[in-house]
Every structure is written in structure tokens, then in C-alpha cells.
Amino acid sequence: MPSTPSANLDQTPFGRVLTAMVTPFTDDGALDLAAAQTLATHLVDQGNDGLVVSGTTGESPTTTDDEKVLLVRAVVEAVGDRAQVVAGVGTNDTAHSVAGARQAAAAGAHGLLVVTPYYSKPPQAGLLAHFTTVADATDLPVMLYDIPARSATAIHTETLVRAGEHERIVAVKDAKGDLYAGAWVMARSDLAFYSGDDAANLAWLAHGAVGMVSVVSHVASSHYRAMVEAVLEGDLNTAQRIYRELLPAVRGIMTRTQGAIMAKAALQLQGVLSSRAVRLPLVEATSDEVSLLKTDLSESALLEARA
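Under an unreviewed UniProt entry, the protein chain has the name 4-hydroxy-tetrahydrodipicolinate synthase and belongs to Angustibacter luteus. For the record of the protein chain, the UniProt heading Pathway (unreviewed entry) holds the text "Amino-acid biosynthesis; L-lysine biosynthesis via DAP pathway; (S)-tetrahydrodipicolinate from L-aspartate: step 3/4." Turning to the protein chain, the UniProt record has this under Subunit (unreviewed entry): "Homotetramer; dimer of dimers."

Okay, here's the thing in C-alpha cells:
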């Protein structure tokens, strides 16, 4: 029988509701730090206790290392100690990831998000060495990001358990969707699990996740906060009601095209961002996509919230 770990729902190293924050750009594609600060403040005001910057939704493949540093500094300056600012530093180059981790720490990040190295398809031993090497680079706590649909490589249960033995590897953002495997990791380690897929947020919470790293929370932070609190209070009926009310928003932001594209369009509809510009190879939401999104957000009562 596996040993019972000390991890439980009281252990929340990065908060409970985190937004995988988009990176605002001006209409001509320049980094818009003022808009990033406005957005970060808005998200925290709406119920986030964590923000992930320079993740995939933050278009990290098309922002420079210097821009990533500027973004961390700007967001930390905007939210102070009101939220945990977690910087995405993972790449498929361990040395580059180490450099990014050190730069993020110097810029004031509170934690690091390290994605599975993509495209290279390393063996599990390589994953473990990559994660521990990045974790050794700073004193910041680390959240691993398991997303085989993008990285082509899943983090196996044994690898996660071994990674969790590192004092600074404290959490997992799961977008693998294997609830059974995740439950085994939680049973055998102290790693805190975060749902990394809005469609599975309630399922992960029911399985023992401490919170979520969400894209839909750009427009539904307070709702997800209420859903988490309902689960913690044992009120599954309320949690299910909130989850179902948000299904149209999840559909609108996460199923028709890339999440960053639609999250920016949703924020523009809510009046939070003035521009929905993205960088190639992403392209802005079309007028038809925005029209459908407007209907989805209205069905979830997320446009009226700012009326």
C-alpha cells in the first residue's frame, strides 16, 4: 500500500485560482506593459490569487527573453503581494530554461512554471534531469506543466513522484487529463495539483486538486473562486451549478480556436483590453468568431457582469 502523504487541500503553494494570463500587445504588435498591469490588477480584483505570465496563453513562443523580464516586473509591480506571480520559463533547452528561471527570479517572480520540453521528446530520465536542473537554478518554488498534447511527451507517474522529492518542485499543472494517474501521484507525493484544463476543473477539484490555472478565468475569476469554495465546503450541488453555467464560456474560449486568441477577444468584449492583437503565427479572432463568443459569454452571464 502507498504511504499517505501530508499533502491536502490546505497546501496551496500558488493560491487556488490562477489565470494563465494573456500578454497584451498594441495593435501594431508591441508589448503593452500598461495594459498588462491593468489586466493583472483587474484579475486579482476579480478573485485571482495567482497569475501565470509567459505561459502558452501568454504567447511565450513569440515574446523575447527581455520582454518576459519586463512583463514579470510590470505584473509584480501592479499586484504586489496580493497574488502569486508565476513566470513561465520552460523551453526544450535546459540551459535556456535555467537562464530564464534566473532572470524571472531577479525580476521578482514568486514562482516558476516549467513545461515538459517540447518537440525533443526526451525520455523520462531526461525529463527528471531537466526539471531538477531548473529547480536547482533558483530558490523559487516550481510548478511542473504536464501537457502532452503540446509537448508530445507525458510526465509519467513515477517521474512526477520522483520530481516531487525535490524541495522546490511543489506543484503540477495538469493538462494531461488522466485523473486516475493524477490521483496516484497525489496519493504518493506531496505535490499540489492544479487543473490546467478548464473543461476538467471540477473533476480535478473533486479528485483533490487544490485549484486551477485557467484561461476562462480571464472573464470568470469570481465564478471559479465561488466554485472552489463550494468544493471546499462540501457543497457539490453549488459547484456543479457554477461549472455548468460556465460551459458556454468554456466552449467559446477553448474549443473553436487557440485559447489566447479567444481570451483576448473576450477581454475586449468585456472592456478590459482595447486590443485583441496577437503575434504570428496566431491570428486575431474573426468577426464571426467574436460574434459566436459574444453569444457564449452572454449564455454564461459574463457580459452582463460588467454592464
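1. A short note on the UniProt feature "site: Part of a proton relay during catalysis" (unreviewed entry) in the protein chain
According to UniProt, the "site: Part of a proton relay during catalysis" (unreviewed entry) feature falls on Thr-56 and Tyr-119. Lining the largest pocket, out of the annotated residues just given, are Thr-56. For Thr-56, the location among the structural elements is in the loop between strand 2 (50-53) and helix 2 (65-79). When near neighbours in sequence (up to four residues on either side) are disregarded, Thr-56 contacts Tyr-145, Arg-150 and Gln-258. If you trace the backbone, Tyr-119 turns up in the loop between strand 4 (111-115) and helix 4 (124-135). On the accessibility criterion, Tyr-119 (75% relative accessible area) is exposed. Those residues in contact with Tyr-119, other than ones at most four positions away along the chain, are Asn-92 and Ser-151.

2. Focus on empty space enclosed by the protein
Applying the stated rule across the entire model yields two cavities of 30 Å³ or more. Computed from the structure, the largest cavity encloses a volume of approximately 40 Å³. Asp-146, Leu-160, Asp-174, Lys-176, Asp-178, Ala-181, Gly-182, Val-185, Phe-193 and Trp-204 are the residues that line the largest cavity. Among the elements that line the lining of the largest cavity, the one with the most residues is helix 7 (residues 179-188), at three residues. Considered class by class, the residues forming the lining of the largest cavity number five nonpolar, one polar and four charged.

3. Focus: the packing of aromatic side chains
Going through the model one piece at a time under the given rule, you end up with three aromatic pairs. In this arrangement the basic side chain of Lys-173 is found over the ring face of Tyr-145, its NZ or CZ atom lying 4.0 Å from the centre.

4. Digging into helix 4
Compared with the 16 Å implied by 1.5 Å per residue over twelve residues, the 16 Å span of helix 4 between its first and last C-alpha is a close match. Buried residues along helix 4 sit against helix 3 (94-107), strand 4, strand 5 (142-146), helix 6 (157-163) and strand 6 (169-174).

5. Describing the pairing of strand 2
Along strand 2, one buried face is formed by Gly-50 and Val-52 and the opposite face, lined by Leu-51 and Val-53, is buried too. With three bridges joining them, strand 1 (residues 17-20) and strand 2 adopt parallel strand pairing. Each residue of the ladder has a partner; that of Leu-18, found in strand 2, is Gly-50. Taken together, strand 1, helix 1 (residues 33-45) and strand 2 constitute a β-α-β crossover, and its handedness is right-handed. Here strand 2 pairs with strand 3 (residues 84-88) via four bridges, running parallel. Counterpart to Gly-50 in the pairing with strand 3 is Gln-84. For the handedness criterion, the β-α-β arrangement of strand 2, helix 2 and strand 3 is classed as right-handed.

6. Describing the confidence of the model for the protein chain
The predicted model of the protein chain averages 95 in pLDDT, with 95% of residues at 70 or higher. The model gives residues 1-9 a pLDDT under 50, and that stretch makes 20 contacts with residues more than four places away or in other chains.

Each value, and the rule that gives it
- Residues numbered from 1 in each chain as written.
- Predicted model: local features only at pLDDT ≥ 70, side-chain atom pairs only at ≥ 80, totals over all residues.
- Heavy atoms only, no water.
- UniProt positions renumbered as here; feature names shortened; annotations may be inferred.
- 1 Å grid on protein atoms, 1.4 Å probe; cavity = no way out; pocket = protein on both sides within 12 Å on 5 of 7 lines; lining within 4 Å.
- Helix = DSSP H or I, 4+ residues; strand = E, 2+ residues; numbered from the N terminus.
- Contact = heavy atoms within 4.5 Å.
- Buried < 20%, exposed > 50% of the residue type's maximum accessible area, 1.4 Å probe, protein only.
- Points joined across faces, edges and corners; volume = space filled by probe spheres on them.
- Nonpolar A, V, L, I, M, F, W, Y, C, P; charged D, E, K, R; others polar.
- Phe/Tyr/Trp six-rings, centres within 6.5 Å; stacked < 30°, edge-to-face > 60°.
- Lys NZ or Arg CZ within 6 Å of the ring centre and 35° of its normal.
- Expected span 1.5 Å × (residues − 1).
- Pairing = 2+ DSSP bridges.
- Right-handed = clockwise from strand over helix to strand, strands pointing away.
- pLDDT = per-residue confidence, 0-100.

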